[in-house]
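Each chain is listed here by its residues.
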Amino acid sequence: MTEPTGEHPTSPKPHRRAQLLASFGFDEGWQRIMLMALLVLLLTIIIIPKGHLLMPSYVPGDIARRDVKSPRDLLIPDEDLTAKKRTEAEVSVPVLYDFDAQAGPTIASRVAEVLDFVAAESKRGVAGAELRDGLENSFGVRLSDAELQSLVSLATGAGNKEWLAELIERLYRLKIVSNLPMFERDREHGMVFRNVATKKESPADPKEEVLGPNELQALIRDEFRKTAYNPGQIRMLASLLTNLLRPSIAYNQNETETRRQAARDAVQPILIQVKKGEIIVREGDRVNPEQVTKLTALRAQGSREVLFSQVAGLLLSSFILIFIAHRYGQRNIRKYRPQNADLLFLGSTLIVMVLALKLGGFIATALGSAFPYIEAGAYYYILPFAAGAMLVRIVLNSEVALIFSVVFAALAGFLFGNSFELFLFALLSSLAGAHWVRQLTERTSMFRAGARLSMFNFMAIFAVHLVGGQEFDTGLLFELGFGLLGGQISAILVSGIIPLVESGYCYTTNLKLVELANMNNPLLRELMIQAPGTYHHSIIVGNLAEAAAETIGANPLLARVAAYYHDIGKAKKPLYFIENVSGGENRHDKLTPSMSALILMAHLKDGVEMAKEHRLGGVLIDIIHEHHGTSLMKFFYDRAKQREEREVDEHDYRYPGPKPQTREAALIMLADAVEAASRTLTDPTPARIQGMVQKIINNIFIDGQLDECELTLKDLHNIAKSFNRVLGGIFHHRIDYPEPVTKERGDKGAKKNGEDRDRKPAEEGEAPKTPAKKGRTEDLKRLGMS
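Note that this is a predicted model, so its numbers are computed, not measured.

## Let's talk about unusual backbone geometry
With an omega of 5°, the peptide bond between Gly 657 and Pro 658 qualifies as cis. Mapped onto the fold, Pro 658 is located in the loop between α26 (634–643) and α27 (663–678). The phi torsion at Cys 506 lies on the positive side, around 60°, for a residue other than glycine. Take Cys 506: it is sitting in the loop between α19 (474–505) and α20 (510–516). Of note in the backbone geometry, Arg 615 takes a positive phi value of approximately 55° without being a glycine.

Below, the structure is given as structure tokens:
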């Protein structure tokens, strides 16, 4: 399948713009899956209709505009009553407190351990700070020196330990809580005690005495006053017990909230029964909140099933449509090879187009209400149906535009209520628009394409009208008029969007190439000034590449513009390239072959940096990078082998690549080599030119530089013929013009000596003034003679 003239994929390599997607760590397959899923989801959200609401929408206090009857038996949830019942169920759940029946014996045992520890340490002679630290480390009890002394005397006394244990157990026969006021509030609302050990629960006794921390300490002091302990021992015991005592009941917040939530969830929704045919609201009545609830439920239940069915169907249909169209293009259309970044552009364009049609549909409906004599459907034909396909054709190629047109037309049919007429019109208009922008080489061509599209829309609307079997009335005239406007609107929109697409997606379109072909471009002017030899070399390479591109059906404009810029890197070091040295010193004579090779390689890197700086676009940057491929700098390689005794690595004298990936890049490589070699021909006869061209192309082909592009052997044969034709025109022979008959001095002698009067030495000009003046006058008389 041969690329038609002017058609080319202009998207840069995947690594230039797919980095945005790859930066998330997904490979290309996952990127495409995510793009597909996101595209289908967004299209469904845009296309799916809101649906016709079965019931009017009111707020409390509105006046009903019509009677509303229930179309079916319904059970409508009463949200307010249900919430009230659930709150009641939640409040009715009693608060849960955990009760530890072993708290008293446990604390009594702890106090006994403290006294035993103090008594044992005292017998060992431990006292003072050492005893205090040991007590703190072992039991977490910190006492002052006086309190510690009192504790030692108490611990060594007989019967004190048993008395304290009995006191603690007696106190803990009562329940002790840490926050008594909160406990009393909870007990008023209902409370349950759960034994920690047995997990048995029992309701709280409203009259049962429960102690808080303050009440417990007061009771302990009262008990101590009844004993013979001195005040210091009492203070010590109070401090000790304050550190060791803990509550016997505790509020279990988590369990309480869990039980309340369970009670709330157990309450079933309270339903209001609405019978079929029941009047919900009458015309002229003021709508109350209960009626608003019923109307809202009727709207939701009446459209929910239909909406769900539409969403599911559109999701599935959109997925099948896009997937099959994409796979068909990949398997059956050779030039349908979009990269992930191209798919991102296509998906964005599709979404924007469908969204524009959706908004246009809303506007058309509003205009239909404002101007009843024009049907709302007539306004649809003014919408830019063809803009998306035109944009895709300009940016990518006709094959991708074909697939895009089919997908977009089907989605447009879904959008407008499964309309076959609009599907057909969208398809025809998109294909026509893509066709008429196929060779867009200037901005004004867009408007000529828009005019042609307008006429085609006129005929397409008439044909669709006939297919639908509709009557010929004034509505058809409005549709035809709007169709004419739609073609021009599409052209205007595409003209404005193309620069944004070129900048945002790094595409290089034909319009961009036309701008870059201007010889006043700063880069070309710099090249002309800094490296005039390279500049003229690039011009001739452009002529060769353009002619060859036309011969094989590649993009001649891209080939010519790429040739202009392919050697811009030489402007950085022009005197190191032989075409810029006018018989002067060759700087490479003083350099090693390896250094010369590095300087030659550097012009690729310099050219790419200059191209990026001036935003030439990904396609031209790629060609600058690829136009030498991995070819060998044979002159310096051979010189290195002659000069160096050690073995020379051929890889050091090859360009870094990559090899040409497109036909246009390969044409630049071939034209570049052929033009340079043609300069070495001493007698450029047609036979010698043909032999040189054939040799250069064969060497490049044998070196494998064309392995990664799509050139065929037939293409190479046609390229060679094209190069021969152009070079034959450049190196054509001129005839020897006859001598002027008015020359008086030495005409015959000059002819005999074989001299050419047109090439007289400079000293001939030193003639007497009067004859010279006469000669100039006679020369002027001969200028117009044939």
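## Side note on the pairing of strand β5 (residues 191–195)
Working note: regular strand, side chains alternate between the two faces of the sheet. By the criterion of burial, β5 is predominantly enclosed, with five of the five residues buried. In β5, alternate side chains face the same way, and those of Met 191, Phe 193 and Asn 195 on one face and Val 192 and Arg 194 on the other are all buried. When β5 meets strand β6 (residues 201–203), the two strands line up antiparallel, connected through three bridges. Paired with Val 192 across the bridge in β6 is Pro 203. The antiparallel hairpin formed by β5 and β6 contains five residues in its connecting segment, where Lys 199 sits at a positive phi of about 65°.

## Observations regarding the packing of helix α3 (residues 28–47) against helix α14 (residues 340–370)
Following both chains from N to C, one finds α3 and α14 inclined at 0°, their axes separated by 10 Å at the closest point. Between α3 and α14, the interaxial angle falls into the category roughly parallel. In this structure, α3 contributes Glu 28, Gln 31, Arg 32, Leu 35, Leu 39, Leu 42, Leu 43, Ile 46 and Ile 47 to the contact, and α14 contributes Asn 340, Leu 343, Leu 344, Gly 347, Leu 350, Ile 351, Val 354, Leu 355 and Lys 358. Residue composition of the contact of α3 with α14, grouped by class: 12 nonpolar, three polar and three charged.

## Brief notes about the pattern of salt bridges
In this structure the tally under the stated criterion is 17 salt bridges. One salt bridge in this structure joins Arg 259 and Glu 201, with 2.6 Å as the shortest N-O distance. On the criterion of sequence distance, the pair formed by Arg 259 in helix α12 (residues 253–266) and Glu 201 in strand β6 is long-range, its members being 58 residues apart. Here Arg 259 falls in the partly exposed class, since its relative accessible area comes to 25%. Via salt bridges that share partners, Glu 201, Glu 255 and Arg 259 belong to a single interconnected network.

## A word on the packing of aromatic side chains
Scanning all chains against the criterion turns up 18 aromatic pairs. Note on Phe 385 and Phe 425: the rings are 5.4 Å apart at their centroids and 85° apart in plane angle, and the pair reads as edge-to-face. A residue pair is termed long-range when its members are at least 10 positions apart, and Phe 385 in the loop between α14 and α15 (387–395) and Phe 425 in helix α17 (residues 420–436) qualify at 40 residues. Exposure remark for Phe 385: the relative accessible area of 1% places this residue in the buried category. Phe 425 gets classed as buried once you look at its relative accessible area, which sits at 1%. By the ring-pair criterion, three or more aromatic residues cluster together here, those being Tyr 380, Tyr 381, Phe 385, Phe 416 and Phe 425. Over the face of the ring belonging to Phe 99 we find Lys 175, whose NZ or CZ atom lies 4.7 Å from the ring centre.

## Some words on the environment of Gln 31
Tracing the sequence through the fold places Gln 31 in helix α3. The class for Gln 31 is buried, based on a relative accessible area of 4%. For the pair Gln 31 and Leu 344, spaced 313 residues apart in sequence, the C-alpha to C-alpha distance is 9.8 Å.

## Some details on the confidence of the model for the protein chain
For the protein chain, the mean per-residue pLDDT works out to 80, and 84% of the residues sit at or above 70. In this model residues 1–18 is a low-confidence stretch, pLDDT under 50, and it forms 65 contacts with partners more than four residues away in sequence or in other chains. The model gives residues 743–786 a pLDDT under 50, and that stretch makes 16 contacts with residues more than four places away or in other chains.

The rules we used
Note that residues are indexed from 1 along each chain, following the sequence as it is written. It should be noted that, the model being predicted, local features are given only for residues of pLDDT at least 70 and side-chain atom pairs only at 80 or more, the latter also being counted only at that level, while totals for whole chains, interfaces and linings use all residues. The basis for every side-chain value is the complete set of heavy atoms in the structure, and neither hydrogens nor water enter the calculation. Each helix is a run of H or I in the DSSP string that is no shorter than four residues. Each strand is a run of E no shorter than two, and both are numbered from the N terminus. A simple rule labels every residue: compare its accessible area, found with a 1.4 Å probe on the protein chains alone, to the largest value its type can have, and call it buried under 20%, exposed over 50%, or partly exposed in between. Strand pairing is defined by DSSP finding a minimum of two bridges between the two strands. Interaxial angle, 0 to 180 degrees, is taken between N-to-C directions of lines fitted to C-alpha atoms, where a helix line uses only the stretch in contact. Put simply, angles under 35 degrees are roughly parallel, angles over 145 are roughly antiparallel, angles from 65 to 115 are roughly perpendicular, and the rest are oblique. Only heavy atoms enter the contact rule, under which two residues are in contact if any of them lie within 4.5 Å. Charged residues are taken to be Asp, Glu, Lys and Arg, nonpolar residues to be Ala, Val, Leu, Ile, Met, Phe, Trp, Tyr, Cys and Pro, and polar residues to be all remaining types, Gly included. Put simply, a salt bridge is a Lys or Arg side-chain nitrogen that is within 4 Å of an Asp or Glu carboxyl oxygen. Think of it this way: a Phe, Tyr or Trp ring, Trp meaning its six-membered ring, pairs with another when their centres are within 6.5 Å, and the plane angle makes it stacked under 30 degrees, edge-to-face over 60, tilted otherwise. Charge over a ring is defined by NZ of Lys or CZ of Arg lying within 6 Å of the ring centre and within 35 degrees of the ring normal. For every residue, the pLDDT score states the predictor's confidence, bounded by 0 at the bottom and 100 at the top.

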